[in-house]
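# Report on the structure
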Amino acid sequence: MHLITHIFNEEFLLPCWLKHHVPLFDHGTVIDYASTDNSLDIVRELAPDWDIVPSRNKWFVEPDIGEEVMEIERSVKGWKITLNITEFLLHADIRGYCKGLEAQGKEAICTTGVIMVDRPSERSEFTDELLVMQKTFGYFEEDVRERESTTSIDKPSRSRLLHCRPDGKYTKGRHTNGITDEQDENLFLCWFGWAPFDSVKERKKQIQHKCPDSQKSLPDWRKLYCIDDSDLEKMYEHEHARSYDLLENEAYNRAYENFKAAYSS
């Protein structure tokens, strides 16, 4: 079991992400986009056996990002998944899960995306407890998948590929792949894009500094990445308005309780 990610100045969420995923996976690769904060020291402390690979790319843009990810995937045998630092896989036994897929003759499966959104009263609340245990408010991507999009962030984007193929044959952003579109409704991928919001909103503003000016002029890029505090507050309000307690969902509650029993001690 191998986990791949890429980072640029992720010292806030990185400790949470590593504490969550290191027990789940046998090994990992961190692609570093020239971080200038304490990110690399955090990786060395919490995942000392993982590989740190300096990115060959100066800018954080596609298709360069995906090509580099797939090259690393091709160097890894067995089951693998590539996640962003904001993405947390919610499953108590991912190794056993993959053995089950193999028994069914499957080589790949897609996750079910969950958008994590803070309640207004929790925007500044954050402890050392596992993040998926602290934050249980949000919505499922399926909740808006069939509706008319009301914002550019409504596009389904957290259906990540877990696979044992050479690479994922990803399209732009790794949001779709050339392997399978089969999705497991019980394999959750929690995206902490809006929680803990008072901290992650600073992360959202930094990505514009890792792209060339030519990219910033594109309409889609500007809508999502060339943003300020005012833009983010409006987007947060939109996301909060359609959020609810995820533990009301039976499948999510079961995954939450199983993960809590396995890893919250």
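Okay, so let's go over this structure. Because the structure is predicted, anything quoted here is derived from the model rather than measured.

### Some remarks on the side chain of Ser39
As for its position among the elements, Ser39 is in helix α2 (residues 39-46). Look at Ser39 and you get buried, because its relative accessible area is 0%. The residues touching Ser39, leaving out its near neighbours within four places in the chain, are Ile7, Asn9, Glu10, Glu11 and Leu14.

### Remarks on the environment of Arg74
The residue Arg74 is located in helix α3 (residues 64-74) in this model. Excluding residues that lie within four positions of it along the chain, Arg74 makes contacts with Pro166 and Asp167. Within the structure, the side chain of Arg74 is placed 2.8 Å from the side chain of Asp167, a separation counted as a polar contact.

### Here we look at the pairing of strand β2 (residues 27-32)
Working note: regular strand, side chains alternate between the two faces of the sheet. Most of β2 sits inside the fold, with five of its six residues counted as buried. For the handedness criterion, the β-α-β arrangement of strand β1 (residues 2-7), helix α1 (residues 14-21) and β2 is classed as right-handed. Here β2 pairs with strand β3 (residues 51-54) via four bridges, running parallel. Looking across to β3, one finds that Thr29 is bridged to Asp51. As for the winding sense of the linkage, the β-α-β connection from β2 through α2 to β3 is right-handed.

### Topic: the packing of aromatic side chains
Summed over all chains, the structure comprises nine aromatic pairs. Where Phe188 meets Tyr252, the ring centres are 5.2 Å apart and the plane angle is 65°; that geometry is what we call edge-to-face. You can see Phe188 sitting in strand β9 (residues 183-194) and its partner Tyr252 sitting in helix α11 (residues 250-263), a full 64 residues away along the chain. No difference in accessibility class separates Phe188 from Tyr252, as the two residues are buried. For the pair Trp191 and Trp194, a centre-to-centre distance of 6.5 Å together with 85° between the ring planes defines the contact as edge-to-face. Trp194 matches Trp191 in its accessibility class, with the two residues each being buried. Above the plane of the ring of Tyr236 lies Arg123, whose end atom (NZ or CZ) is 4.9 Å from the centre. Seen from the ring of Trp191, Arg158 lies directly overhead, with NZ or CZ sitting 4.1 Å from the centre.

About the cut-offs
- Residues numbered from 1 in each chain as written.
- Predicted model: local features only at pLDDT ≥ 70, side-chain atom pairs only at ≥ 80, totals over all residues.
- Heavy atoms only, no water.
- Helix = DSSP H or I, 4+ residues; strand = E, 2+ residues; numbered from the N terminus.
- Buried < 20%, exposed > 50% of the residue type's maximum accessible area, 1.4 Å probe, protein only.
- Contact = heavy atoms within 4.5 Å.
- Polar contact = N/O pair within 3.5 Å; in protein donor to acceptor, adjacent residues only side chain to side chain.
- Right-handed = clockwise from strand over helix to strand, strands pointing away.
- Pairing = 2+ DSSP bridges.
- Phe/Tyr/Trp six-rings, centres within 6.5 Å; stacked < 30°, edge-to-face > 60°.
- Lys NZ or Arg CZ within 6 Å of the ring centre and 35° of its normal.

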